[in-house]
Amino acid sequence: MTPVRIASADTHDLRRLVLRDGHPDVDLAWAGDDDATTIHLGVRDGADLVAVSTWLRSSDDEVQLRGMATDPSVRGSGVGRLLLDAGLDRARRDGATLVWANARVTALDFYTAAGFEVEGPVFATAETGLPHRRIMFRIAVPPTH
């Protein structure tokens, strides 16, 4: 399985299943999804999309990770980490020095194992009401000679 670019609409089924608890009446097209600098990545298992993520340019040197979702049937298989690493590599190649996200508290171990740092207090998002924390991944900038 290899991460590939996907269309924003391709993220909707997993966003609904994983991030919105399957609710049919939620808006899955989010602000920034169709911006020219936004990239959506996915991992397929055969024809099935089993993981998705969205990477929004929030400033010249920052990227926001949003909407990361892995199908429950493949959790723990390394697919999520494969997708996360692909997005971080892409952010690095695009010149970002910081990737940040609002992560569910239940996913913090996944992100800290990948090198993210947890910052700030717990907060609930308006969309889900679930507890989140801000996470940061600082990308090392190679020295110039």
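Residues numbered from 1 in each chain as written. Predicted model: local features only at pLDDT ≥ 70, side-chain atom pairs only at ≥ 80, totals over all residues. Heavy atoms only, no water.

A. Inspection of the overall build of the protein at higher detail. Check the secondary structure of the protein and you find three helices and seven strands. In the protein, the succession of helices and strands from N to C terminus is β-α-β-β-β-α-β-α-β-β. Here the protein has a C-alpha radius of gyration of 15 Å; the compact-globule value for 145 residues is 15 Å, and the two agree. Principal-axis analysis of the C-alpha atoms places the extent of the protein at approximately 55 × 35 × 30 Å. Evaluated residue by residue, the protein yields a buried proportion of 42% over its 145 residues. For the protein, the proportion of contacts with a sequence separation of at least 24, taken over those separated by at least 6, is 59%. For the protein, the computed accessible surface area is about 7900 Å², with 51% contributed by carbon and sulfur atoms. Separation of charge centres in the protein, based on 16 positive and 21 negative side chains, amounts to 3 Å. (Helix = DSSP H or I, 4+ residues; strand = E, 2+ residues; numbered from the N terminus. Rg over C-alpha atoms; globule rule 2.2 N^0.38 Å. Buried < 20%, exposed > 50% of the residue type's maximum accessible area, 1.4 Å probe, protein only. Contact = heavy atoms within 4.5 Å. Areas by Shrake-Rupley, 256 points an atom, 1.4 Å probe, with all protein chains shown as cover. Lys, Arg positive; Asp, Glu negative; His and termini not counted. Charge placed at Lys NZ, Arg CZ, Asp CG, Glu CD.)

B. Here's a closer look at the nonpolar core. Counting residues in hydrophobic clusters, the biggest one holds 26 residues, and the most contacted among them are Trp-55, Leu-65, Leu-84, Val-99, Tyr-111 and Phe-116. Listed by contribution, the elements that provide at least two residues to this core are strand 2 (39–45), strand 3 (48–59), strand 4 (62–70), helix 2 (79–93), strand 5 (98–104), helix 3 (108–113) and strand 7 (131–138). For this core, the element with the highest residue contribution is helix 2, accounting for five residues. Core analysis: the second largest hydrophobic core is formed by eight residues, Ile-6, Val-18, Leu-19 and Trp-30 among them. (Core = buried A, V, L, I, M, F, W, Y, C linked by side-chain atoms within 4.5 Å.)

C. Focus on the packing of aromatic side chains. Per the counting criterion, the structure on display carries three aromatic pairs. Judged by centre distance (5.0 Å) and plane angle (75°), the ring pair of Phe-110 and Tyr-111 falls under edge-to-face. Here the aromatic rings of Tyr-111 and Phe-116 are separated by 5.5 Å at their centres, their planes lie at 75°, and the arrangement is edge-to-face. There is no split in this pair, since Tyr-111 and Phe-116 are both buried. In this structure an aromatic cluster arises from ring pairing among Phe-110, Tyr-111, Phe-116 and Phe-137. (Phe/Tyr/Trp six-rings, centres within 6.5 Å; stacked < 30°, edge-to-face > 60°.)

D. Layout of the pattern of salt bridges. Within the structure shown, the criterion is met by seven salt bridges. The residue Arg-138 makes a salt bridge to Glu-119 at a minimum N-O spacing of 2.9 Å. In this pair, Arg-138 sits in strand 7 while Glu-119 sits in strand 6 (residues 117–124), placing the two residues 19 residues apart along the sequence. In this structure, a network of salt bridges that share partners links the residues Arg-15, Asp-33 and Arg-66. (Salt bridge = Lys/Arg side-chain N within 4 Å of Asp/Glu carboxyl O.)

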